[in-house]
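# A structural walkthrough
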Amino acid sequence: MIGAIDHVGIAVNDLDAALGWHNAAFGVVPTMREVIESEGVEEAMLSVGGSFIQLLATVRDDSPVARFLGSRGEGLHHIAYRVDNLAATLDRLRTADINLIDEVPRPGGRNTMIAFIHPKGNLGTLTELVEYLP
Ligand code: CO
């Protein structure tokens, strides 16, 4: 039902500093960097093998990432799996009584649809599902 790990999201205080660290440590540069106003974040994607590291910085004090950074500090924020059919996957998760944040798919970046599974009841792990559109 789920495919490969699409990306791992890391919340950071300073996106430029985090990009500099990844470049110094691993020699990677971002394939994409954009502000997503609806989420209140600026994100950068670093290609690693067949998946990505997603660095997330906040652009607003009231964004979910700002709240995360305020309570937990920098670090692992979420894991994202690829799925072929996101709507069908959400139906199956609902049937299994999994606690969803998104009841229906919503647009992500990079020509994708995404939905989040709540960390509560999911081993404390915020989980994202990603379907690539044709
Ligand atoms: Co993500």
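Preceding block: the structure.
Residues numbered from 1 in each chain as written. Predicted model: local features only at pLDDT ≥ 70, side-chain atom pairs only at ≥ 80, totals over all residues. Heavy atoms only, no water.

In this structure, Val 12, Leu 15, Ala 18, Leu 19, Val 28, Ala 44, Leu 46, Ile 53, Leu 55 and Ala 57 together form the largest nonpolar core, which totals 10 residues. If you list the elements that add at least two residues to this core, you get α1 (15–26), β3 (41–48) and β4 (51–58). Ignoring sequence-local partners within four residues, the contact set of Leu 19 consists of Pro 30, Arg 33, Ala 44, Leu 46 and Leu 55. In this structure, Leu 100, Ala 115, Ile 117 and Leu 129 belong to the second largest nonpolar core, which totals eight residues. (Core = buried A, V, L, I, M, F, W, Y, C linked by side-chain atoms within 4.5 Å. Buried < 20%, exposed > 50% of the residue type's maximum accessible area, 1.4 Å probe, protein only. Helix = DSSP H or I, 4+ residues; strand = E, 2+ residues; numbered from the N terminus. Contact = heavy atoms within 4.5 Å.)

Looking now at the environment of Phe 116. The residue Phe 116 is located in strand β7 (residues 112–117) in this model. Expressed as a C-alpha distance, the spacing of Phe 116 and Val 104, which sit 12 residues apart in the sequence, is 9.5 Å.

Before going further, it helps to spend a moment on the coordination of the cobalt ion. Coordination of the cobalt ion by the protein involves His 7 (NE2), Gln 54 (OE1), His 78 (NE2) and Glu 128 (OE), with metal-donor separations of 2.0 to 2.3 Å. Donor residues for the cobalt ion sit on one chain with the sequence pattern H-x46-Q-x23-H-x49-E. Taken as a pair, Gln 54 in strand β4 and His 78 in strand β5 (residues 75–82) lie far apart in primary sequence, 24 residues in all. This pair shows no difference in class: Gln 54 is buried, exactly as His 78 is. (Donors = N, O, S within 2.8 Å, 3.2 Å for Na, K, Ca; no water.)

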